[in-house]
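Structural overview for review
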Protein chains: 2
Amino acid sequence: MSENEKMFPVGPEVKEALATIKRGVDTLLIESEFEQKLARSMATGKPLRCKLGLDPTAPDIHVGHTVVLNKLRQLQDLGHTVIFLIGDFTAAIGDPSGRNVTRPPLSREQIEINAKTYLDQASLILDREKTEIRYNSEWSDKMTATDMIKLASRYTVARLLERDDFAKRYAEQAPIAMHELLYPLMQGYDSVALHADLELGGSDQRFNLLVGRELQRQYDQEPQCILTMPLLVGLDGVNKMSKSKHNYIGITDKADDMFGKVMSISDALMWDWYDLLSLRSNAEIADLKKQCEEGRNPRDAKVLLAKEIVERFHDKEAADAAEVEFNNRFRAGEMPSEIPEVNVAANDGEIGVGKMIKEAGLCPSVGEANRNIDQGGVRINGERIADRGLKLKAGTYTVQVGKRKWAKVIVH
Amino acid sequence: MSENEKMFPVGPEVKEALATIKRGVDTLLIESEFEQKLARSMATGKPLRCKLGLDPTAPDIHVGHTVVLNKLRQLQDLGHTVIFLIGDFTAAIGDPSGRNVTRPPLSREQIEINAKTYLDQASLILDREKTEIRYNSEWSDKMTATDMIKLASRYTVARLLERDDFAKRYAEQAPIAMHELLYPLMQGYDSVALHADLELGGSDQRFNLLVGRELQRQYDQEPQCILTMPLLVGLDGVNKMSKSKHNYIGITDKADDMFGKVMSISDALMWDWYDLLSLRSNAEIADLKKQCEEGRNPRDAKVLLAKEIVERFHDKEAADAAEVEFNNRFRAGEMPSEIPEVNVAANDGEIGVGKMIKEAGLCPSVGEANRNIDQGGVRINGERIADRGLKLKAGTYTVQVGKRKWAKVIVH
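The structure presented is a predicted model; accordingly, all values stated were derived computationally and were not measured. (Residues numbered from 1 in each chain as written. Chains lettered and ligands numbered in written order. Predicted model: local features only at pLDDT ≥ 70, side-chain atom pairs only at ≥ 80, totals over all residues. Heavy atoms only, no water.)

A look at the overall build of chain A
Secondary structure assignment for chain A yields 18 helices and 13 strands. Along the longest, intermediate and shortest principal axes, the C-alpha atoms of chain A span 75 × 55 × 40 Å. A total of 412 residues make up chain A; the buried ones form 52% of that total. Considering only intrachain contacts with a sequence separation of at least 6, the fraction spanning at least 24 residues in chain A is 71%. (Helix = DSSP H or I, 4+ residues; strand = E, 2+ residues; numbered from the N terminus. Buried < 20%, exposed > 50% of the residue type's maximum accessible area, 1.4 Å probe, protein only. Contact = heavy atoms within 4.5 Å.)

Structure, rendered in structure tokens:
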């Protein structure tokens, strides 16, 4: 920030907003600049413009994808403007070299469908009224080759090749097509077109967000700050949440499943999830944590989080009902707060219930497992199992055998 | 060339045309492909499309710049189409990074003036009727950012960075702006737009011409062949002809100057000039060379070359008159065939005639030089000098003191 720009006073309100925004973040660059932006916004009443770029290719999101949306919601609640930028321009081009099969060009129709699905899902978190929805085709479609050359003149080849994946491929002499280097510039230019004050992304987006910051400077704009969020660890407490790891909560999961899945995570992971998924204030979370440290059962905190998440993606009644159902199934107090986790391999994509119980170490043999099923002593996700022939697909299951034997089984 | 394409017979006519085209060239790639293109053209009567790209920034050309034009003229005389491509698109952009002061953007008006001047000058060599004049703005102005991304997808970063100057700068960590890598692609795309069969250029253009070849392949066209011409050695017989070396013949030089300058070159350089500047056939040149080897005075061959060059840039009468004037000045037989060459430094851009004669070693002192001037014994470019006070600017001068002392003096 140049010296002749006015400095705004940083009062307790600014400090508190900054602390809320900083909760759970991976990186916030540059913090002192961002503090000034916040202070100016409070002093002038002019909201900050907070951008999230979205590639409209994979509309089906899970809770892990909502981490950055939660951060945007916090920004909205602090009075700032959220810009939901749909990258329809590049999606329509895809990878014209045809080398990258995961990036086929999308038709205008597909893009609109994907974007709508994504927006519908995101609206469960964001305040849609306070969300500015933009498409980068607005300015990119109008761009000529001349504009592109002028844009490209603002950045050096070496700096683009510093991006981790480019640097790696260049060092390994793996081909990088020229247009791949143009995409970060186009994406960065979006920040110029939008006059963004802050851009959010996943931690893997850091480089691209910095390009936007640099280009704004080149175009004589105040550079945006950048904020990256970490990837959410999944139900297994180890891997990043992803569909391929079967450790995820889909945002369209049924309320009971959602509730049960949150209840199955470890206490340590629960506090991370609070930071990344809860919209409770820092003070509330700190208070809850203190209570647990002083002896309150962490299960209570987990119930609160599970209800908050279910309420977000369904509604309050569904959350209440899921809690009642969960308690009915597991008889309050019976389920331990921490459940050991076991990985079990499925053959041909599925596994018989008896075999799964044996492999998970809950019974010494399949025969013993089957006897337990026949006696009504086996519950999966709280539901009593009667059929020995049941096959389970890949996924995460809370399995109870008798009263005291529990496991969280990841079938993969 | 793929195997299922028809092969055309290569008769003596094709061989002869190929020999004419190959005369004096630096590189012809790929010769076997080009031979087939020639053979097909002869068999089908369809002329080859031969492209020369021109940057309309420096319209004032000297004889060194005409080497490639002579090659184009030979191609025209063989019945092929010459495309004179004026790179107005990139000239109008210049270097938008502002780093390169030698490449300021040119206004449309300046471009047209420069292009017209260049064309007027080039028309002294080319058959204007058989020259297709094109501007790359025709297709480049219409290009969108999308088209540019698609074009960029056809080439890898690594291959562009192989260009000598890029490789050097990248290795030295000197900045290369991204748009600099786009220019070779735009230039290469010109060959696609023009369906070029052959592209000509200076030896320093080899890389760019190969980009065009590669892009045509990517756009499913038969790839162009490329032909590069060496740089012409200047009057001093050592350095490439250039204005800064004062060893050049301007194509707007007066007929007498032009004639005298050609007469001043060495015999060895004369034969190189025949290859690069003469439009005489290979057979004629071979015959002339043979005569000289068998005892004919090489001065005769030099006169023929000087007359050909003067005739090209002036006319036949001017060439005849220049010869007569030259003989009058130097009295036939008096001027030696080989004249020693001397470099003399000018102070403040010019040098007094007496000092120049002394520095060139033609007289032991300035006083002696001045006495020779007073006695009418000094000629410069054949013209008797009467004024001791004469100042000479940078340039090449044939200086005669008395009957036997000669020097070609390069004042710089």
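Description of the packing of helix H7 (residues 145-152) of chain B against helix H10 (residues 178-194) of chain B
Residues and elements named next belong to chain B. One way to put it is that H7 packs onto H10 with a least axis distance of 10 Å and a crossing angle of 95°. Between H7 and H10, the angle falls in the class roughly perpendicular. Contact with H7, carried on its side by Met148, Leu151 and Ala152, involves Leu182, Leu185, Met186 and Tyr189 of H10 and no other residues of that element. Considering only residue class, the contact of H7 with H10 consists of seven nonpolar, no polar and no charged. (Axes fitted to C-alpha atoms, helices over the stretch in contact; angles between N-to-C directions. Parallel < 35°, antiparallel > 145°, perpendicular 65-115°, else oblique. Nonpolar A, V, L, I, M, F, W, Y, C, P; charged D, E, K, R; others polar.)

Some words on the relation of the copies chain A and chain B
Turning chain A through 180° and shifting it by 0.0 Å along the axis lays it on chain B, with an RMSD of 0.1 Å. Considering both components of the superposition, the chain copies are consistent with a two-fold axis. Rotation axis and chain A: the residue whose C-alpha lies nearest the axis is Thr144(A), separated from it by 2.1 Å. A share of 100% of the interface residues of chain A reappears at the interface of chain B, consistent with the copies meeting face to face through the same patch. (Least-squares fit on C-alpha atoms with pLDDT ≥ 70 in both.)

Focus: the interface of chain A and chain B
Where interface size is quoted, it is often the accessible area lost as the parts come together. The interface of chain A with chain B comprises 32 residues on the first partner and 32 residues on the second. When the buried surface of chain A facing chain B is broken down by residue, Ile149(A), Val157(A) and Met178(A) rank first, second and third, together holding 27% of it. The interface formed by chain A and chain B holds zero salt bridges in total. Where chain A packs against chain B, one counts ten residue pairs in polar contact (both at pLDDT 80 or more). Only helix H4 (88-93), helix H7 (145-152), helix H8 (157-160) and helix H10 (178-194) of chain A provide two or more residues apiece to the side of chain A that touches chain B. (Buried area = accessible area lost by both parts, 1.4 Å probe. Salt bridge = Lys/Arg side-chain N within 4 Å of Asp/Glu carboxyl O. Polar contact = N/O pair within 3.5 Å; in protein donor to acceptor, adjacent residues only side chain to side chain.)

Observations regarding the side chain of Asn70(B)
Residues and elements named next belong to chain B. If you trace the backbone, asparagine 70 turns up in helix H3 (residues 67-77). Here asparagine 70 falls in the buried class, since its relative accessible area comes to 2%. Those residues in contact with asparagine 70 that lie beyond four places of it in its chain are Ile125, Leu276, Leu277, Leu279 and Arg312.

Description of the sheet that holds strand E2 (residues 49-54) of chain A
In a beta sheet, neighbouring strands pair by backbone hydrogen bonds and run either parallel or antiparallel. All names here are of chain A. The sheet built from six strands is open, its strands ordered E1-E6-E5-E2-E3-E4 with mixed pairing. The open sheet has two edge strands with one neighbour each: strand E1 (27-29) and strand E4 (131-135). Within this sheet the neighbouring strands show an average axis-to-axis angle of 20°, counted without direction. Bridge count for strand E5 (residues 198-202) against strand E6 (residues 225-229) is five bridges, and the pairing is parallel. Counterpart to leucine 198 in the pairing with E6 is cysteine 225. The strands that helix H5 (residues 108-122) touches are E2, strand E3 (81-86) and E4; relative to E3, the one it contacts most, it runs at about 155°. (Pairing = 2+ DSSP bridges.)

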